[in-house]
Amino acid sequence: MATANLKKYRILDRDHFKFSKNGMTLIALFFILWFAFAIRISWVIFIEPLHADIGYDGVRYDQIATNLLNKEGFGYYPNTPSSWRPPGYPFFLYAIYALFGHSIFVARIMQCLLGTAICLILFLLTKKLTRDMPHGEKIALLAAFLYAVDYYSIVIIQALYTELFSSLLIILSIYLFYSADQASPQKTNILFFLASVILWHATLTRPANILFWAWVGIWFFLENRKDLKRVLRAFLIVLFTFCMTVLPWTIRNHNLHKKFLLVSSNGGFIFFMAHHPHSEGGFIPEGPLRYTPQQEEELKGLNEIDSQKKHFQYGLDWIRKNPARELHLILLKQKHLWAHPESPYVFYDFLSYLPFPLTTFHLLSIFFIPGLYYSWKYCKPFFLPLAYILNHSLIISFIYFYDGPRMRIELLPPLTIFASIGIINLLTSPIKTLTRKLTGTNNPFYGHPHSFPRIKKT
């Protein structure tokens, strides 16, 4: 038995002098991960001498991380603490600077590793989700490959934005939640603890991720509704990890402002930009259109917390007075998110130094539709990836605004799962049909172990 199990995982089957199936999968995965890292690191090396822009938000995150490194507080300016930005990504940059010194180049290399790690997690997660589907390993490999060669998953490495880091945390937490649900009782609590810690860190990175907890709770309750003790244990773990991960930052905010603030104070401003009289689904730039004279007067001298409350009030007042326009904005932002062209090529694009066609968001979203269709009868395992796509889309429509292709970065990992399912099934379905015609078997259950009725022995 032990010899048989070892033989299953051999890369080379000596008895038949050929590569085993698992061995071939490992080799393919290695080359995908190598290619993912190579193309990303070559992009960083190419843009480095050009002093490529790290983005508006990237400059702010870099300032905060630099001040943390110099022991001058969490804020844009030395010894001027603030809660405007969430702490997750600045502390990630701070850890890099503390280990390697202040270097944008090293920070970008670390983001290359993040992108490559997402490819690996996508393979593991997709393999777990498609274990009852035909061609599960091929689908998993394709999911990793599609993310590896996605144009914006590579280009985003240039900017010091939260989206890539948040993508890793979300997809890793989903993988660990599924692993916890399928694990033995001894391992379930440990894996659920790790998944919860990671998802709370995703909340500290992008506070809107806290809404994903509702979907996780629904999923876990439905999966374990017959074992309420297990549900209660999971709830206590979530509560404990919240106290361990988020609560210290909330206490810090209270000590700083003497008022309650869960994570960051920019939520009200973002909400108002998303529900603004002059909004067309995007950001409202500084200028005479952003605030009325009365609003400017009301905001003068307010601290971060009171300013956030005012901005929420402005947004909610506008929604109440303009329900038809609000509905139009919701649909408009979904149109921007799913249909707005991110490049002249739409379905593929090229890096300036690499004549290799790279996939884009629109190509993935097109194959997402048949992928959703083919996974429907197996819908139970795909609840969390699909829930995250829905959750992110709702956040864009109701809380946030469309701010270009970066809004799609966090959608790429779950989209690649469904796109790979769609591509593999679209490729294999005609082959199955042709095989049946050539063999003269039109039985829809041809090849199934129970295709033919059993003959009753007399």
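Residues numbered from 1 in each chain as written. Predicted model: local features only at pLDDT ≥ 70, side-chain atom pairs only at ≥ 80, totals over all residues. Heavy atoms only, no water.

K.L.:
Quick rundown of the overall build of the chain? Include the residues and the values.
P.N.:
Looking only at helices and strands, one finds 19 helices and four strands in the chain. Scored against the burial criterion, the 458 residues of the chain give a buried share of 50%. The long-range share in the chain, meaning contacts at least 24 apart out of those at least 6 apart in sequence, stands at 71%. When the accessible surface of the chain is split by element, carbon and sulfur atoms take 68% of a total near 23700 Å². (Helix = DSSP H or I, 4+ residues; strand = E, 2+ residues; numbered from the N terminus. Buried < 20%, exposed > 50% of the residue type's maximum accessible area, 1.4 Å probe, protein only. Contact = heavy atoms within 4.5 Å. Areas by Shrake-Rupley, 256 points an atom, 1.4 Å probe, with all protein chains shown as cover.)

K.L.:
Tell me about the packing of helix 16 (residues 323-339) against helix 18 (residues 383-398), and please be specific about residues and values.
P.N.:
In contact at an axis separation of 8 Å, helix 16 and helix 18 are set at 125° when each is read in the N-to-C sense. Regarding the angle of helix 16 to helix 18, the classification is oblique. Considering only the axes of helix 16 and helix 18, their crossing is right-handed. Within the contact between the two elements, helix 16 uses Ile330, Lys333, Gln334, Leu337 and Trp338 and helix 18 uses Ile389, Ser393, Ile396, Ser397 and Phe398. When the residues that make up the contact of helix 16 with helix 18 are grouped by side-chain class, the tally is six nonpolar, three polar and one charged. (Axes fitted to C-alpha atoms, helices over the stretch in contact; angles between N-to-C directions. Parallel < 35°, antiparallel > 145°, perpendicular 65-115°, else oblique. Left-handed = near helix turned anticlockwise from the far one by under 90°. Nonpolar A, V, L, I, M, F, W, Y, C, P; charged D, E, K, R; others polar.)

K.L.:
Run through the side chain of Asn224, naming residues and quoting values.
P.N.:
Tracing the chain through its elements places Asn224 in the loop between helix 10 (212-223) and helix 11 (228-245). For Asn224, a relative accessible area of 6% translates into the label buried. A polar atom in the side chain of Asn224 sits 3.2 Å from the side chain of Asp181. Contacts of Asn224, omitting those with residues within four sequence positions, involve Asp181, Arg230 and Val231. (Polar contact = N/O pair within 3.5 Å; in protein donor to acceptor, adjacent residues only side chain to side chain.)

K.L.:
Give a description of unusual backbone geometry that names residues and reports values.
P.N.:
For Asn79, which is not glycine, the phi torsion reads 55° and is therefore positive. Locating Asn79 in the fold gives a position in the loop between helix 3 (56-69) and helix 4 (88-100). Exposure remark for Asn79: the relative accessible area of 60% places this residue in the exposed category.

K.L.:
Run through the side chain of Ser393, naming residues and quoting values.
P.N.:
Checked against the element boundaries, Ser393 lands in helix 18. Setting aside its immediate chain neighbours within four residues, Ser393 contacts Gln334, Leu337 and Trp338.

K.L.:
A description of the pattern of salt bridges should follow, citing residues and the corresponding values.
P.N.:
By the definition in use, this model includes 13 salt bridges. Its salt-bridge partner being Glu410, residue Arg206 comes within 3.0 Å of it at the nearest N-O pair. With Arg206 in the loop between helix 9 (185-205) and helix 10 and Glu410 in the loop between helix 18 and helix 19 (412-439), the pair connects residues that are 204 residues apart, well separated along the chain. Exposure class is identical for Arg206 and Glu410. Each is buried. If you follow the salt bridges from partner to partner, you end up with Asp57, Arg85, Glu163, Arg206, Asp403, Arg406 and Glu410 in one network. (Salt bridge = Lys/Arg side-chain N within 4 Å of Asp/Glu carboxyl O.)

K.L.:
An account of the pairing of strand 3 (residues 348-351) is requested, with residue identities and associated values reported.
P.N.:
Residues of strand 3 alternate between two faces, with Asp349 and Leu351 buried on one and Tyr348 and Phe350 left unburied on the opposite face. In the sheet, strand 3 pairs with strand 4 (residues 354-359) via three bridges, with the strands oriented antiparallel. By the bridge assignment for strand 4, Leu351 is matched with Leu354. Hairpin connection, strand 3 to strand 4: the antiparallel pair is bridged by two residues. (Pairing = 2+ DSSP bridges.)

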